[in-house]
Each structure stands twice: as C-alpha cells, then as structure tokens.
Amino acid sequence: MAALLAAAPLAAQTVGQPLPRWTPGTLDIQFLVTDFKHTVSVKYSGLLPDLFREGQGVVAHGRMQGNVFVADEILAKHDEKYMPPQVAESLKNNPPPPDPPPSGT
C-alpha cells in the first residue's frame, strides 16, 4: 500500500468526462482534474463549492495516496479573471489542444 505523502495543494481545472461519481448515501465524490499535461483523480468527502463545475479552476488541499489525490478541502475560483497561479503557469506552458473543426467543412 502506498504511503500518504505530506499535505500539499493541487491547482487544476475540472474535467467533465467521466462524470463525477458520488457514493450513494454519503458526501463522497470522485472526479478528475487536469493541468492539460497530467490528469489526476481526486477523492473528497464534503459539500462542494457552489462554483464547482466542469471546466472550473479549483484548488484542492490534501495529499496523494497512490494514484489518487485525497482532498481535505476544495476551493473554486470566484470570477472569470482569477486562476490559481499554478494553473495559469501550466496553461502558458501547455496550452489546451484547439477545438476540432466543425464536421462537414
């Protein structure tokens, strides 16, 4: 079993597919985040911020446990201009791929 590493923040953007998985009867959720270079699964138990949604910038505080980031706290950006510095730097160095051209053109 992989040891828990020291607590650290994880700044990234939520990914919509696959959809977040809720554990029935609990506040446990598992979802994906990306910095457009790496994608990580995040597990969290608690209420998510109102601004949490697909494509949203988030900061998760917690630690890696194996290949999953176990979060103690989830924060979402407050407006369209704010982005965690780590995400902004990653986007600058690793821009997301362009949208595919519309079909039939």
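In case you missed it, the structure is sitting above this.
In this text the structure is predicted, and so the values were computed from the model without any measurement. (Residues numbered from 1 in each chain as written. Predicted model: local features only at pLDDT ≥ 70, side-chain atom pairs only at ≥ 80, totals over all residues. Heavy atoms only, no water.)

Engineer: What is the right way to read the overall build of the protein from this model?
Structural biologist: Helix and strand counts for the protein stand at 1 helix and 6 strands. When the helices and strands of the protein are placed in sequence order, the string is β-β-β-β-β-β-α. The 105 residues of the protein split such that 32% are buried. Considering only contacts within the protein whose residues lie at least 6 apart along the sequence, 51% involve residues at least 24 apart. As presented, the protein carries roughly 7,200 Å² of accessible surface, and 58% of it is formed by carbon and sulfur atoms. (Helix = DSSP H or I, 4+ residues; strand = E, 2+ residues; numbered from the N terminus. Buried < 20%, exposed > 50% of the residue type's maximum accessible area, 1.4 Å probe, protein only. Contact = heavy atoms within 4.5 Å. Areas by Shrake-Rupley, 256 points an atom, 1.4 Å probe, with all protein chains shown as cover.)

Engineer: Explanation requested: the environment of Val 70 in the structure shown.
Structural biologist: Considering the arrangement of structural elements, one finds Val 70 in strand 6 (residues 68–76). Distance from Val 70 to Tyr 44, taken between C-alpha atoms, is 6.2 Å for residues 26 residues apart in sequence. Residues in contact with Val 70, not counting those within four places in the same chain, are Lys 43, His 61, Gly 62, Arg 63 and Gln 65.

Engineer: What am I meant to see in the side chain of Thr 14 here?
Structural biologist: Inspection of the secondary structure assignment puts Thr 14 in strand 1 (residues 8–15). By relative accessible area, Thr 14 is classed as buried at 6%. Here Arg 53 takes part through its backbone oxygen, which lies 2.4 Å from a polar atom of the side chain of Thr 14. (Polar contact = N/O pair within 3.5 Å; in protein donor to acceptor, adjacent residues only side chain to side chain.)

Engineer: Would you mind going over the pairing of strand 6 with me for this structure?
Structural biologist: As defined by bridge partners, strand 4 (residues 39–45) adjoins strand 6 across 4 bridges and the pair is classed as parallel. For Ser 41, the partnering residue across the bridge sits in strand 6 and is Val 68. As defined by bridge partners, strand 5 (residues 57–65) adjoins strand 6 across 8 bridges and the pair is classed as antiparallel. Its bridge partner lying in strand 6, Met 64 is registered against Phe 69. Following strand 5, the chain reverses through 2 residues before pairing antiparallel with strand 6; Gly 66 in that reversal takes a positive phi of roughly 65°. (Pairing = 2+ DSSP bridges.)

Engineer: Could you clarify how one ought to interpret the pattern of salt bridges in this entry?
Structural biologist: Here the idea is simple: oppositely charged side chains can pair when their charged atoms come close. One pass over the structure, following the stated rule, counts 1 salt bridge. Close ionic contact of Asp 72 with Arg 63 constitutes a salt bridge, the shortest N to O distance being 3.4 Å. Exposure remark for Asp 72: the relative accessible area of 51% places this residue in the exposed category. Classification of Arg 63 as partly exposed rests on a relative accessible area of 24%. (Salt bridge = Lys/Arg side-chain N within 4 Å of Asp/Glu carboxyl O.)

Engineer: Would you take a moment to explain the packing of aromatic side chains for this structure?
Structural biologist: Each pair of aromatic rings is reported with the distance of its centres and the angle of its planes. On inspection of all chains with the given rule, the structure shows 1 aromatic pair. Arranged with centres 4.9 Å apart and planes meeting at 75°, the rings of Phe 31 and Phe 52 form a pair that is edge-to-face. Placement of Phe 31 in strand 3 (residues 28–34) and of Phe 52 in the loop between strand 4 and strand 5 is noted, with a sequence separation of 21 residues between them. Judged by its relative accessible area of 15%, Phe 52 is buried. (Phe/Tyr/Trp six-rings, centres within 6.5 Å; stacked < 30°, edge-to-face > 60°.)

Engineer: Please clarify how the nonpolar core should be interpreted in this entry.
Structural biologist: Buried together is how nonpolar side chains tend to be arranged in soluble globular proteins. Formed by 14 residues in total, the largest nonpolar core has its most connected members in Phe 31, Val 33, Val 42, Ala 71 and Ile 74. Val 33 has contacts with Leu 10, Ala 12, Gln 13, Thr 14, Val 15, His 38, Thr 39, Val 40, Val 42 and Val 58, leaving out every residue within four places of it along the chain. (Core = buried A, V, L, I, M, F, W, Y, C linked by side-chain atoms within 4.5 Å.)

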